[in-house]
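# Examining the three-dimensional arrangement
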Amino acid sequence: MINIQNLSVEKDNATILKDVSLRFGQGGITALIGPNGAGKSTLLHSIAGLIEPTHGTVAVEDINITTARPAERAERIALLAQNEHVTARLSVRDLVNFGRWPHHRGRPTALDHQKVDEALAAFDLMDLCERRLESLSGGQRQRSFVAMAWAQETPWMLLDEPLSALDPRHVRDIMDRLYNLTRPGKGQRSVVLVVHDLGVAARYADRIVALKDGQLVTSGPRILQMTGPMLSKLFGTSLSIDYINGKAVVVPS
Ligand code: ADP
Ligand code: MG
């Protein structure tokens, strides 16, 4: 469970998050939506324990994330930051292997190698695995970072705009994979995803959290909360939800 109570974040005398309270259980995909500058990345980093709240508390499962040790956080949470990049000359395989760090602490076992192979296969990276990250396209690199977060095998995956550079096939592949991973059953995980593609949110999210100007606009089951009027108000432009062959699409209206 993620339990956020009265969270406020201020930086340089600016209020970035204002009194956000939010609570949701394990499993499923939570889409974090809202206009640019709404505070989505700040909220995600606060959940990951990388930003200290000015007020309020953030708990993930049994721990207060602000006071938790880094190792405790790494067992529970994998964070993929927005526009993640590395400057070291790493291969895709090296990067994904980094995701296993909390498990192997620099001494990977056969199991770690197996998990890396599984992640490479799951994200269609086998053919690219010896390539250096700097030689990849933006979308290929993005998939490599998602594979790294996946390989960490944490109950929570926090992904900040992981789809922004992906072609339609890979958006679908990744979302299908995250969807399956977050269904009930053994090894079920929970994903919190910042996403601007509202069609993706409409099709895959179980819940939504909508932020604007650092404040919570709404949160809850996507089916109840994600409506044309809510989206129009959130983004300040007229939007409606339509259905094509039973699949939700968000269209300008
Ligand atoms: P989003 O991810 O929704 O686009 P962010 O969480 O990145 O929004 O940022 C929210 C607001 O906080 C923006 O107006 C941004 O300019 C501001 N902000 C982010 N980081 C800082 C910082 N270190 N100092 C001052 N303002 C910041
Ligand atoms: Mg952001």
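Just so we're clear, the structure is a prediction, and the values are computed from it rather than from any experiment.

Turning to the packing of helix α3 (residues 92-99) against helix α5 (residues 110-122), a few remarks are in order. Viewed as axis vectors pointing N to C, α3 and α5 meet at an angle of 120°, and their least axial separation amounts to 9 Å. Of the possible angle classes, the one that applies to α3 and α5 is oblique. Every pair of crossing elements has a handedness; the one defined by α3 and α5 is right-handed. Along its contact with α3, which presents Val92, Arg93, Val96 and Asn97, the element α5 presents Val116, Asp117, Ala119 and Leu120.

The next thing to look at is the site of ligand 1. Neighbouring ligand 1 are Lys11, Asp12, Ile16, Pro35, Asn36, Gly37, Ala38, Gly39, Lys40, Ser41 and Thr42. One of the backbone N or O atoms of Gly37 is found 2.8 Å from an oxygen atom in ligand 1. Considered class by class, the residues forming the shell around ligand 1 number three nonpolar, five polar and three charged.

Time to look at the domain arrangement of the protein chain. How big an interface is tends to be reported as the loss of accessible area on association of its parts. Assigned domains within the protein chain: domain 1 (1-76 + 154-227) and domain 2 (84-153). Just the C-alpha atoms count here: the centres of domain 1 and domain 2 sit 23 Å apart. On the domain 2 side, the residues contacting the 18 residues of domain 1 number 14 residues. Here domain 1 meets domain 2 over a buried area of about 1400 Å², counting both sides, of which 62% is carbon and sulfur. For the domain 1 face of the interface with domain 2, the top three residues by lost area are Thr154, Ile174 and Arg177, together amounting to 32%. Between Asp124 and Arg169 there is a salt bridge, with the nearest N and O atoms lying 2.6 Å from each other. Inspection of the region where domain 1 meets domain 2 yields 10 residue pairs in polar contact (both at pLDDT 80 or more). Residue assignment for the side of domain 1 that touches domain 2 shows that the elements contributing at least two residues are α2 (70-76), β7 (156-160) and α7 (168-181). Counting residues per element, the side of domain 1 that touches domain 2 draws most heavily on α7, which supplies five residues. Grouping the amino acids of the side of domain 1 that touches domain 2 by side-chain chemistry returns 11 nonpolar, three polar and four charged.

Quick notes on the rules
Residues numbered from 1 in each chain as written. Chains lettered and ligands numbered in written order. Predicted model: local features only at pLDDT ≥ 70, side-chain atom pairs only at ≥ 80, totals over all residues. Heavy atoms only, no water. Axes fitted to C-alpha atoms, helices over the stretch in contact; angles between N-to-C directions. Helix = DSSP H or I, 4+ residues; strand = E, 2+ residues; numbered from the N terminus. Parallel < 35°, antiparallel > 145°, perpendicular 65-115°, else oblique. Left-handed = near helix turned anticlockwise from the far one by under 90°. Contact = heavy atoms within 4.5 Å. Near = heavy atom within 4 Å. Polar contact = N/O pair within 3.5 Å; in protein donor to acceptor, adjacent residues only side chain to side chain. Nonpolar A, V, L, I, M, F, W, Y, C, P; charged D, E, K, R; others polar. Domains from an automatic or database assignment. Buried area = accessible area lost by both parts, 1.4 Å probe. Salt bridge = Lys/Arg side-chain N within 4 Å of Asp/Glu carboxyl O.

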